[in-house]
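Next come the chains, spelled out residue by residue.
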Amino acid sequence: EYAIVAKTNPEPWKEFEMQYVATGYWSPMDCADSFLANYKYRRKPSPPKTMKIGDIVVEACPLKEAPEKGGYCHRVKVNTCGFEVASSTWDDYDFERSRLQNGYIFATQQEAQAVADALNSIYKKAVDEAWKS
């Protein structure tokens, strides 16, 4: 599996963890070192693809790394009536990197829409509560 990753990733060790058998503790690989007999190796577990917004759990996870330049990405944005999804190509501008760092960029339109729907639900609930008082 490491060899397969190495075909497309110049730093494949960043996707793997190693465990010293005596301790049982998993730690990230930090270099392209040789594999040792007294260690076990595995691909890093994938992060959960859910996030909690208020009391709502949605199947979405903001991107941690920028898409390839020219690749498609999706973000949640505020409009005059709440939140909506905007899709565009990634051009690696400063404002795009800022959105990425702040967790506004998603890999799929479905993930971004789930987040927008959750935010709209919370917004509507807050407005309804305000009108009651």
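Preceding this section is the structure that the text describes.
We now turn to the structure provided with this report. (Residues numbered from 1 in each chain as written. Predicted model: local features only at pLDDT ≥ 70, side-chain atom pairs only at ≥ 80, totals over all residues. Heavy atoms only, no water.)

**Considerations on the environment of A126**
- Note that A126 resides in helix α3 (residues 109-132).
- Residue class for A126 comes out partly exposed when judged on its relative accessible area of 47%.
- Linking A126 and G24, residues 102 residues apart in sequence, is a C-alpha distance of 48 Å. (Helix = DSSP H or I, 4+ residues; strand = E, 2+ residues; numbered from the N terminus. Buried < 20%, exposed > 50% of the residue type's maximum accessible area, 1.4 Å probe, protein only.)

**A look at unusual backbone geometry**
- In this model, D92 sits at a positive phi of 65 degrees, which is unusual for a non-glycine residue.
- With respect to the element layout, D92 can be found in the loop between β7 (82-89) and α2 (94-101).

**Side note on the nonpolar core**
- Counting residues in hydrophobic clusters, the biggest one holds ten residues: I53, V58, A60, V76, V85, F106, A112, V115, A116 and A118.
- It is α3 that provides the largest number of residues to this core, a total of four residues.
- Apart from the residues within four sequence positions on either side, V76 is in contact with F83, E84, Y104, F106, A112, V115, A116 and L119.
- Counting residues in each nonpolar core, the second largest holds six residues, with Y2, V5, W13 and M18 among its members. (Core = buried A, V, L, I, M, F, W, Y, C linked by side-chain atoms within 4.5 Å. Contact = heavy atoms within 4.5 Å.)

**A look at the sheet that holds strand β6 (residues 72-79)**
- Pairing is antiparallel across the open sheet formed by three strands, whose spatial order is β7-β6-β8. Strand pairing shows two members of the sheet lacking a second neighbour, β7 and β8 (105-106), which therefore form its edges.
- Of the strand pairs in this sheet, β6 and β8 are connected by two bridges, and their pairing is antiparallel. Each bridged residue has a counterpart across the sheet, and for R75 the counterpart in β8 is I105.
- Across the sheet, α3 is in contact with β6, β7 and β8; its angle to β7 comes to roughly 160 degrees. (Pairing = 2+ DSSP bridges. Axes fitted to C-alpha atoms, helices over the stretch in contact; angles between N-to-C directions.)

**Some remarks on the pattern of salt bridges**
- For the structure shown, the criterion picks out ten salt bridges.
- Between R42 and E17 there is a salt bridge; the shortest N-O distance is 2.7 Å. Separated by 25 residues along the polypeptide, R42 in strand β3 (residues 39-43) and E17 in strand β1 (residues 16-20) bring together distant segments of the chain.
- The partly exposed category is assigned to R42, whose relative accessible area is 31%.
- Judged by its relative accessible area of 13%, E17 is buried. (Salt bridge = Lys/Arg side-chain N within 4 Å of Asp/Glu carboxyl O.)

**Topic: the packing of aromatic side chains**
- Tallying each qualifying case throughout the model produces six aromatic pairs.
- Measuring from centroid to centroid gives 4.5 Å for F35 and Y41, while their planes differ by 75 degrees, and the two rings are edge-to-face.
- Look at Y41 and you get partly exposed, because its relative accessible area is 24%.
- For the ring pair Y39 and Y41, a centre distance of 6.4 Å and an interplane angle of 35 degrees mean the geometry is tilted.
- Counting every residue linked through ring pairs, the aromatic cluster contains Y2, F16, Y20, F35, Y39 and Y41.
- Taking NZ or CZ as reference, R42 lies 4.0 Å from the ring centre of W26, over its face. (Phe/Tyr/Trp six-rings, centres within 6.5 Å; stacked < 30°, edge-to-face > 60°. Lys NZ or Arg CZ within 6 Å of the ring centre and 35° of its normal.)

**Remarks on α3**
- Compared with an ideal rise of 1.5 Å per residue, which puts 24 residues at 34 Å, α3 spans 34 Å between its outermost C-alpha atoms and is within 8% of the ideal.
- If you check which residues of α3 are buried, you get E111, A112, V115, A116 and A118. (Expected span 1.5 Å × (residues − 1).)

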